[in-house]
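Coordinate analysis (summary)
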Amino acid sequence: MLSGWVLHYCSVIIKMFDKASNYARRGFVTLKHHAKEAYKHGRNFMSKMDYGFQVLKKLHSVAAPMLKDAGVHSKTSKVISDFDRIRDKVTGFHETASQAVSNIRRKVPELGI
């Protein structure tokens, strides 16, 4: 009779472990999905913003004589150069993150990233 109880408790522990591992697996899959979607959304937003600033830079170069006459050319040039600096930082961060994910994907294929 004692061995029956031991087997029962062992099977209960195994079921609990299976449930816990399923919850953890499902949580990781959900986290991975949300991270991918947030990345795609952010990349799309930044791409559209970059396109807008590229158009603004062209407009700025065309309107430069008028802006100089109005005395605001230096201020608008500073805004555009600040955006270019921030864009370079974001691009550098993106490259660093891409390399990190690539390394994780290569070294830990069990994660399925």
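This section reports on the structure supplied with the text. (Residues numbered from 1 in each chain as written. Predicted model: local features only at pLDDT ≥ 70, side-chain atom pairs only at ≥ 80, totals over all residues. Heavy atoms only, no water.)

**Thoughts on the environment of Thr91**
Definition in use: Numbering of helices and strands starts at the N terminus; helices are DSSP runs of H or I of at least 4 residues and strands are runs of E of at least 2. Burial classes follow relative accessibility: with a 1.4 Å probe on protein chains only, a residue under 20% of its type's maximum area counts as buried, one over 50% as exposed, and anything between as partly exposed. Polar contacts here mean pairs of N or O atoms no more than 3.5 Å apart (in protein, one a potential hydrogen donor and the other a potential acceptor; neighbouring residues in sequence count only if both atoms are side-chain atoms).
With respect to the helices and strands, Thr91 occurs in helix α3 (residues 73–107). Since its relative accessible area comes to 35%, Thr91 is described here as partly exposed. Within the structure, Thr91 has its side chain in polar contact with the backbone oxygen of Arg87 (distance 2.8 Å).

**Focus on α3**
Put simply, the rule reads: Helix span, as expected, comes to 1.5 Å for every residue beyond the first.
The terminal C-alpha atoms of α3, which comprises 35 residues, lie 51 Å apart, in line with the 51 Å expected from a rise of 1.5 Å per residue. Restricting attention to buried positions, one finds in α3 the residues His73, Ile80 and Phe83.

**A look at the side chain of His60**
Quick reminder of the rule: Contact criterion: two residues are considered in contact whenever any of their non-hydrogen atoms come within 4.5 Å of each other.
Looking at the secondary structure, you find His60 in helix α1 (residues 2–62). When near neighbours in sequence (up to four residues on either side) are disregarded, His60 contacts Leu67, His73, Thr76, Ser77 and Ile80.

**Remarks on the packing of aromatic side chains**
What counts, and what does not: Here is the rule: rings of Phe, Tyr and Trp (six-membered ring for Trp) pair when centre to centre is within 6.5 Å. Planes less than 30 degrees apart are stacked, more than 60 are edge-to-face, and the remainder are tilted.
Under the counting rule described, the total for this entry stands at 1 aromatic pair. Ring geometry for Phe53 against Phe83: centres 3.8 Å apart, planes inclined by 10 degrees, an arrangement best described as stacked. With Phe53 in helix α1 and Phe83 in helix α3, this pair connects stretches of sequence that are 30 residues apart. Looking at Phe83, the relative accessible area reads 12%, which means it is buried.

**Structural notes on a nonpolar patch on the surface**
Operational definition: Like-charged residues within 9 Å of one another, or nonpolar side chains (Val, Leu, Ile, Met, Phe, Trp, Tyr) within 5 Å, are grouped into patches, provided each residue has over 30% relative accessible area and no salt bridge. Accessible surface area values rest on a Shrake-Rupley calculation with a 1.4 Å probe, where residue burial reflects the displayed protein chains alone. Salt bridges are identified by distance alone: a Lys or Arg side-chain nitrogen within 4 Å of an Asp or Glu carboxyl oxygen.
On the surface, a cluster of nonpolar side chains totalling about 510 Å² of accessible area is made up of Phe28, Leu31, Val101, Ile104, Val108, Leu111 and Ile113. Where the nonpolar patch is concerned, the elements lending two or more residues are α1 and α3. Tracing the backbone shows Ile104 in helix α3.

**Side note on the pattern of salt bridges**
Under the definition given, this model contains 5 salt bridges. As a salt-bridge pair, Lys57 and Asp84 come within 3.2 Å of each other at their nearest N and O atoms. Separated by 27 residues along the polypeptide, Lys57 in helix α1 and Asp84 in helix α3 bring together distant segments of the chain. Lys57 gets classed as partly exposed once you look at its relative accessible area, which sits at 28%. For the salt bridge of Asp82 with Lys78, the shortest nitrogen-to-oxygen distance reads 3.0 Å. In this pair, Asp82 and Lys78 both sit in helix α3, 4 residues apart, roughly one turn of the helix. Here Asp82 falls in the partly exposed class, since its relative accessible area comes to 23%. Through salt bridges with shared partners, a single ionic network connects Lys78, Asp82 and Arg85.

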